[in-house]
Amino acid sequence: MQDDPRSRILNSAGPIFAELGFQAATVRAICRQAGVNSASVNYYFGDKQRLYIETVKRARQLRMQQVPMPVLDRQTSPTVRLRIFVHTMLSRMTGVGEEPWQSRLMIREFLNPSGACQEVVEQHFRPEFEMLLGILDELLPAPVLPHVRQQFAFSVVGQCLFYRVAREGVAFLVSAEDREAHYSLDALADHITCVMLGAMGLPVPMPGNASDLSGLSAE
């Protein structure tokens, strides 16, 4: 149930932790917002630290539910699977269908990692990171050292993250007309995929030509 005290505490804690961070957020303020007494945090979570960890995990779970990673059939070419992976990551990071606190909390956590970060990484990020590494394994020329493969994977993640953390800056630098025409999720997914293919020494479709990129469709 979403209206039970535990859920209300988590729903209240998310925006407060996202806005203030772990240290500045208070149990009293969270419980006041949730309409429960301050002892409820200890009862349901044990302490403030555990509440924070569960709140970060909830933020990640909500994003995965809202934008699930498609099942990537290995019969589909690795290039298309890379493009689908990038499109899904961009959708999650740029806030499609989300409450703003979810992204703010996740970014805050990764800039200042805590115990919550380790749990979220192991339960949610590592399986998808391994999926990305598997796609890159099929694209990169063999043999590739493990750290090189990881660096390519982090380059994919970093390009997606840029359009989340720097979107206000992009808005200053790029006109609204150009953003609407060339900075959609599809356009960015095409661009990042092409950049990675080029970095791996693979054929790259010409950017801006829809017919050349039709094979990279996320549909």
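K.L.:
How should I be thinking about the overall build of the protein chain in this particular structure?
P.N.:
Across its full length, the protein chain carries 12 helices and zero strands. Each helix and strand of the protein chain, ordered N terminal to C terminal, gives the series α-α-α-α-α-α-α-α-α-α-α-α. By the burial criterion, 42% of the 219 residues in the protein chain qualify as buried. Considering only contacts within the protein chain whose residues lie at least 6 apart along the sequence, 70% involve residues at least 24 apart. Carbon together with sulfur atoms contributes 56% to the accessible area of the protein chain, which is approximately 11800 Å² in total.

K.L.:
Where do I start with the packing of aromatic side chains in this structure?
P.N.:
For any two aromatic rings, the description comes down to two numbers: the centre-to-centre distance and the angle of the planes. Enumeration over the complete set of coordinates arrives at six aromatic pairs. A ring pair is formed by F17 and F22, whose centres lie 6.3 Å apart and whose planes are at 20 degrees; its orientation type is stacked. Take F17: its relative accessible area is 0%, and that puts it in the buried class. With a centroid separation of 5.0 Å and 25 degrees between ring planes, the pair formed by F129 and F154 is classed as stacked. Of this pair, F129 sits in helix α7 (residues 115-139) while F154 sits in helix α8 (residues 146-165), placing them 25 residues apart in sequence. What makes F129 buried here is its relative accessible area of 18%. Linked through ring pairs, F17, F22 and Y52 together constitute an aromatic cluster. Above the plane of the ring of F22 lies K48, whose end atom (NZ or CZ) is 4.6 Å from the centre.

K.L.:
Before we go on, may I ask you to explain the environment of H124 in this structure?
P.N.:
Along the chain, H124 turns up in helix α7. In this structure H124 comes out as buried when scored by relative accessible area, which is 11%. Counting along the chain gives 67 residues from H124 to K57, while the straight-line C-alpha distance between them is 8.8 Å. With sequence-adjacent residues up to four places away left out, H124 is seen in contact with R60, Q61 and M64.

K.L.:
How should I be thinking about the nonpolar core in this particular structure?
P.N.:
As a rule of thumb, soluble globular proteins bury nonpolar side chains together. Core analysis: the biggest nonpolar cluster contains 28 residues, and L82, V86 and M200 have the highest contact counts within it. Of all the secondary structure elements, the ones that give two or more residues to this core are α5 (78-93), α7, α8 and α11 (185-199). For this core, the leading source of residues is α5, giving eight residues. If near-sequence neighbours (up to four positions away) are discounted, M200 is found in contact with L82, L136, L139, L140, P141 and F152. Judged by nonpolar contacts, the second largest core, of 21 residues, contains I16, A25, Y52 and W101.

K.L.:
I keep staring at the side chain of R60 and nothing clicks. Help me out?
P.N.:
With respect to the helices, strands and loops of the structure, R60 is situated in helix α4 (residues 48-66). When neighbours within four sequence positions are excluded, R60 is seen to be in contact with R92, M106, V120, H124, F125 and E128.

K.L.:
Help me understand the packing of helix α1 (residues 5-24) against α4 in this model?
P.N.:
The relative placement of two packed helices is expressed as an angle between their axes plus a distance between the axes. Axis separation between α1 and α4 bottoms out at 9 Å; the angle between their running directions is 95 degrees. On the basis of their axis angle, the class for α1 and α4 is roughly perpendicular. Facing R6, I9, L10, N11, A13, G14, F17, F22 and Q23 of α1, the residues of α4 in contact are K48, Q49, L51, Y52, E54, T55 and R58.

K.L.:
Got a minute to help me understand the packing of α5 against α11 in this structure?
P.N.:
At a minimum axis separation of 9 Å, α5 and α11 run at an interaxial angle of 130 degrees. One finds that α5 runs oblique with respect to α11. The hand of the α5/α11 crossing is right-handed. Residues T79, L82, R83, V86, H87, L90 and S91 of α5 form the contact with α11, whose participating residues are L185, D186, L188, A189, D190, I192, T193, M196 and L197. Residues belonging to the contact of α5 with α11 are distributed by class as follows: nine nonpolar, four polar and three charged.

K.L.:
Help me understand the pattern of salt bridges, please; the structure alone is not making it clear to me.
P.N.:
If the charged atoms of two oppositely charged side chains come close together, the side chains can form a pair. On inspection of all chains with the given rule, the structure shows 12 salt bridges. E54 is paired through a salt bridge with K57; the nearest N and O atoms lie 3.5 Å apart. Of the two residues, E54 and K57 both sit in helix α4, three residues apart, roughly one turn of that helix. You can call E54 buried: its relative accessible area is 18%. Overall, K57 belongs to the buried group, its relative accessible area being 10%. Across the pair E122 and R126 runs a salt bridge whose closest N-O atoms are separated by 2.9 Å.

Rules of the game
Residues numbered from 1 in each chain as written. Predicted model: local features only at pLDDT ≥ 70, side-chain atom pairs only at ≥ 80, totals over all residues. Heavy atoms only, no water. Helix = DSSP H or I, 4+ residues; strand = E, 2+ residues; numbered from the N terminus. Buried < 20%, exposed > 50% of the residue type's maximum accessible area, 1.4 Å probe, protein only. Contact = heavy atoms within 4.5 Å. Areas by Shrake-Rupley, 256 points an atom, 1.4 Å probe, with all protein chains shown as cover. Phe/Tyr/Trp six-rings, centres within 6.5 Å; stacked < 30°, edge-to-face > 60°. Lys NZ or Arg CZ within 6 Å of the ring centre and 35° of its normal. Core = buried A, V, L, I, M, F, W, Y, C linked by side-chain atoms within 4.5 Å. Axes fitted to C-alpha atoms, helices over the stretch in contact; angles between N-to-C directions. Parallel < 35°, antiparallel > 145°, perpendicular 65-115°, else oblique. Left-handed = near helix turned anticlockwise from the far one by under 90°. Nonpolar A, V, L, I, M, F, W, Y, C, P; charged D, E, K, R; others polar. Salt bridge = Lys/Arg side-chain N within 4 Å of Asp/Glu carboxyl O.

Taken by themselves, the reported measurements are silent on function.
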